[in-house]
Structure formats: C-alpha cells, structure tokens
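Listed below are the residues making up each chain.
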Amino acid sequence: MSTTFFWRCEGTTLDGTHDFSAGDTTATANATPSISSSVVKIGSNAMLCDSSGDQYRFDPTQDTDIIATTSSGAIGFWHRQSGQVSNAIFLIRGANAADYVQINTNAASDEIELKIRNNGGAEASISTAAVNYAIDNWYFIVVAWNSTTPYRRISVYDSGGSLIETLENTSAFTAPADFNSTTGIRIGDVGGGISTQSFYYDNIFIGTSDADADTIVANKSITSWTEFSSGDDFTLAV
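Predicted model only: the values in this text are computed from it and were never measured.

Peer 1: So what exactly am I meant to see when it comes to the overall build of the chain here?
Peer 2: Check the secondary structure of the chain and you find one helix and 16 strands. Here the chain has a C-alpha radius of gyration of 16 Å; the compact-globule value for 238 residues is 18 Å, and the two agree. Its C-alpha atoms give the chain principal-axis dimensions of about 45 × 40 × 35 Å. Buried residues in the chain amount to 56% of all 238 residues. Considering only residue pairs separated by 6 or more positions, the chain has 64% of its internal contacts joining residues 24 or more positions apart. Working note: accessible area of the chain is about 8700 Å², and carbon and sulfur atoms make up 43% of it.

Written as structure tokens, this is what we have:
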C-alpha cells in the first residue's frame, strides 16, 4: 500500500516538504476556486469553491508517476458546505468520461455516496444511511474500493474525529478502464450544483490500495507530510 497524494490546501503549488504527490504537484483551477483563510479545519487555509464549476484539478497519470489506480484505492478529505445540494464533490476519471470513481452528497437523504463505473457497464453505487450530513459542519469522508476482492467502503467522521458511520459492500463491480484523463482528479463542484452554497476542503489524501483508507484516517489531522506515519508508507516522506 502507498499513500500517493497529500495536499494541505495551503497553496496551489504543493510544498516539497509539507505536501506530497507521486505525480502532479500543481493544482489547476477550473472556474474560480480559491485558497481561503475564512473557514479552516487544519492549518491556516482551506480550499473554497463558491460558484458553479469551481474545482482544482490534478493529472492522475496512471501509467507513470502514479497517483491513483483503478482496481484498488482510497480517497480521504475534510469537507464542509454551507448549503445542502445533491452534487458530485470529488472525481477521478479516465480518458472516457464514463470511467470514474466519484463521491457525491445527496441533499434528499443528507448522505454520502460512492459511485464507480466502467464505460462498458452500469454505475455501481453505495450510500451511507445514518450520517445525516448537516450544513456548516466539518466531516472527514474516506472511501475505499477493490474490484478484485471485491470491496467498497464509505466511512464518515464528525468534526471531532469520531466515527459516525461505516458502510461496507462486497458485491462485484467492474473497475474503471483507466485514469488517464488529463486533469482527471477533480476536487470541488464537480457536478455544477453550486448556486449560493460554499464548499470547503482540507487535508486531501489519495492512496493506491483500499488498505490505505485506515492509514488516511489515522493521519487525517496532520499539519505536514513530515508527520505522516504508517509502516512502509512513511518511506514516501523521506
């Protein structure tokens, strides 16, 4: 397992010491996202999306400088929004737009959804049932998937770091064909659902194994990559 990406959301260029990426180290803006000190979970700044389509994007580059892999992986991040909306809030996609791993909020149920699709078939979706996602609260969201096992999981923690719910599903699904889309890692208003709402993100992690999910949770409140620690993963920080 290896955690391949950590962004503190302190600036759009990842710091060589305090952030980490196995590939792309520059956040590319789509629309008008910003790094803001107005509402922060960890450190001095957070990522803010407050108009339609606001995202920061990174290149997943599956074949070289791997950040994300299709068959197995994990994503974790702090998230807060000022108004509930049914929306895609995190996406890793392939050259074909129908190859993706996507995280959504659902305004009707106040729950978190994990959606995975291969362009040759239907979307595989799971959703939490007891999170009752509330506005203006920070949550740590972590998802994991493994198409071989098969295994999918969503875990959501409250602002104090206590687990609210873990949902696991072992039904078979087909992994995306690839993650080779330029700027295919998209964080923010992926679904274009923002109107008057504001989305905030902090401490964003990506790993190439479903086993990385537990490592990511253990490190969810670090202020620097130099603090990241879990077995072999720590070698990435050297």
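Peer 1: Help me understand the side chain of Ser 155 in this model?
Peer 2: Here Ser 155 is to be found in strand 13 (residues 151-157). Residue classification places Ser 155 among the buried positions, given a relative accessible area of 1%.

Peer 1: Is there a simple way to explain the nonpolar core in this structure?
Peer 2: In summary, soluble globular proteins display a tendency toward joint burial of nonpolar side chains. Counting residues in each nonpolar core, the largest one holds 41 residues, and the members touching the most others are Trp 7 and Phe 90. Look past the residues within four positions of Trp 7 in its chain and what remains in contact with it is Thr 12, Leu 14, Asp 19, Ala 27, Ile 35, Met 47, Tyr 56, Phe 58, Ile 187, Asn 203 and Ile 204. Val 39, Ile 42, Ala 144 and Phe 205 belong to the second-largest nonpolar core, a separate cluster that totals 22 residues.

Peer 1: Looking at this structure, I do not really get the pattern of salt bridges. What am I missing?
Peer 2: Should the charged atoms of two oppositely charged side chains come close, the side chains can pair. For the structure shown, the criterion picks out four salt bridges. Linking Lys 115 and Glu 123 is a salt bridge whose minimum nitrogen-to-oxygen distance equals 3.4 Å. Residue Glu 123 is classed as partly exposed on the basis of its relative accessible area of 35%. Notably, a salt bridge pairs Arg 153 with Asp 214, separated by 2.9 Å at the nearest N-O pair.

Peer 1: Help me understand unusual backbone geometry, please; the structure alone is not making it clear to me.
Peer 2: Residues other than glycine predominantly adopt negative phi, and peptide bonds predominantly adopt the trans conformation. A cis amide bond links Thr 149 with the next residue in sequence, Pro 150, at an omega value of -15°. Tracing the sequence through the fold places Pro 150 in the loop between strand 12 (139-146) and strand 13. Of note, the phi angle at Cys 9 is positive, near 65°, even though the residue is not glycine. Relative to the assigned elements, Cys 9 resides in the loop between strand 1 (3-7) and strand 2 (20-21). Residue Cys 9 is classed as buried on the basis of its relative accessible area, which comes to 0%. Positive phi outside glycine occurs at Asp 136, with the angle close to 60°. As for its position among the elements, Asp 136 is in the loop between strand 11 (124-127) and strand 12.

Peer 1: Help me understand the sheet that holds strand 3 (residues 28-30) in this model?
Peer 2: To summarise the sheet geometry, strands pair through backbone hydrogen bonds and adopt either a parallel or an antiparallel arrangement. What the seven strands build is an open sheet, ordered 3-6-15-8-9-10-11; its pairing is antiparallel. Of all the strands in the sheet, just strand 3 and strand 11 have a single pairing partner and so form its edges. Across this sheet, the average inter-strand angle for adjacent strands is 20°, counted without regard to direction. As paired strands, strand 6 (residues 55-58) and strand 15 (residues 185-188) are joined by four bridges and run antiparallel to one another. Looking at strand 15, one finds that Phe 58 is bridged to Ile 185.

Peer 1: Just checking my understanding: could you explain the pairing of strand 12 for this structure?
Peer 2: A regular strand carries its side chains on alternate faces of the sheet. Of all eight residues in strand 12, eight are buried, a share of seventy percent or more. A two-sided burial pattern is seen for strand 12, the buried positions comprising Tyr 139, Ile 141, Val 143 and Trp 145 on one face and Phe 140, Val 142, Ala 144 and Asn 146 on the other. Here eight bridges tie strand 7 (residues 72-81) to strand 12, and the two strands are oriented antiparallel to one another. Its bridge partner being in strand 12, Ile 75 is matched across the sheet by Val 143. In terms of strand pairing, strand 12 meets strand 13 through seven bridges, oriented antiparallel. Its bridge partner lying in strand 13, Phe 140 is registered against Tyr 157.

Basis of the calculations
- Residues numbered from 1 in each chain as written.
- Predicted model: local features only at pLDDT ≥ 70, side-chain atom pairs only at ≥ 80, totals over all residues.
- Heavy atoms only, no water.
- Helix = DSSP H or I, 4+ residues; strand = E, 2+ residues; numbered from the N terminus.
- Rg over C-alpha atoms; globule rule 2.2 N^0.38 Å.
- Buried < 20%, exposed > 50% of the residue type's maximum accessible area, 1.4 Å probe, protein only.
- Contact = heavy atoms within 4.5 Å.
- Areas by Shrake-Rupley, 256 points an atom, 1.4 Å probe, with all protein chains shown as cover.
- Core = buried A, V, L, I, M, F, W, Y, C linked by side-chain atoms within 4.5 Å.
- Salt bridge = Lys/Arg side-chain N within 4 Å of Asp/Glu carboxyl O.
- Pairing = 2+ DSSP bridges.
- Axes fitted to C-alpha atoms, helices over the stretch in contact; angles between N-to-C directions.

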